[in-house]
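If you want the building blocks of each chain, they are given just below.
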Amino acid sequence: MRRSSSTIPFGYTLDEGNTELLTPVPEELEALDKVSKLISDKALSLREGALWLEYETGRKLSHMGLKKIVDKRNG
């Protein structure tokens, strides 16, 4: 995936060989899929989902950042 901003999206890291490319992190993307479904089903709040993601992956994501991702996936 080509990098389009200075922010590295959740579920990706900078490619070691080329800083213009992003490398997917499968564990983070799987966790994001799980929590996105739980939020869509109203089983978790955005804040709970953000905390769960941090616990599962070790990477922080704000509840509003998570909202943008969930809205984009469901849009």
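Nothing here was measured: the structure is a model prediction, and the numbers come from that model.

Here we come to the environment of G11. If you trace the backbone, G11 turns up in the segment before strand 1 (12–14). Residue classification places G11 among the buried residues on the basis of a relative accessible area of 0%. Between the alpha carbons of G11 and I69 there is a distance of 11 Å; along the sequence they are 58 residues apart. Dropping the residues within four chain positions of it, G11 is found in contact with T23, P24, V25, E28, L29 and R59.

Let us now look at the environment of R3. Topologically, R3 is positioned in the segment before strand 1. Here R3 falls in the partly exposed class, since its relative accessible area comes to 24%. Each C-alpha atom, one on R3 and one on D15, is 9.8 Å from the other, the two residues being 12 residues apart in sequence. Ignoring anything within four residues of it in the chain, the contact list for R3 reads I8, L14, T19, E20, L21 and L22.

This paragraph deals with helix 1 (residues 26–40). Given a rise of 1.5 Å per residue, 15 residues ought to cover 21 Å, and the 21 Å separating the end C-alpha atoms of helix 1 matches this to within 8%. Taken together, the buried positions of helix 1 are E28, L29, A31, L32, V35, S36 and I39. Relative to the axis of helix 1, the buried residues are bounded by an arc of 160° and lie together on one face. Set apart from the buried face of helix 1 by more than 90 degrees, the exposed residues are E27, E30, K34 and K37. Where the residues of helix 1 are buried, they touch strand 1, strand 2 (22–24), helix 2 (46–57) and helix 3 (63–74).

Bringing the pattern of salt bridges into the picture now. By the definition in use, this model includes 4 salt bridges. Close ionic contact of R73 with D33 constitutes a salt bridge, the shortest N to O distance being 2.3 Å. Taken together, the residues R73 in helix 3 and D33 in helix 1 connect sequence positions 40 residues apart. By relative accessible area, R73 is classed as partly exposed at 40%. Relative accessible area serves as the criterion here: at 43%, D33 is assigned to the partly exposed category.

Thresholds, definitions, all that
- Residues numbered from 1 in each chain as written.
- Predicted model: local features only at pLDDT ≥ 70, side-chain atom pairs only at ≥ 80, totals over all residues.
- Heavy atoms only, no water.
- Helix = DSSP H or I, 4+ residues; strand = E, 2+ residues; numbered from the N terminus.
- Buried < 20%, exposed > 50% of the residue type's maximum accessible area, 1.4 Å probe, protein only.
- Contact = heavy atoms within 4.5 Å.
- Expected span 1.5 Å × (residues − 1).
- Arc of directions from axis to C-beta.
- Salt bridge = Lys/Arg side-chain N within 4 Å of Asp/Glu carboxyl O.

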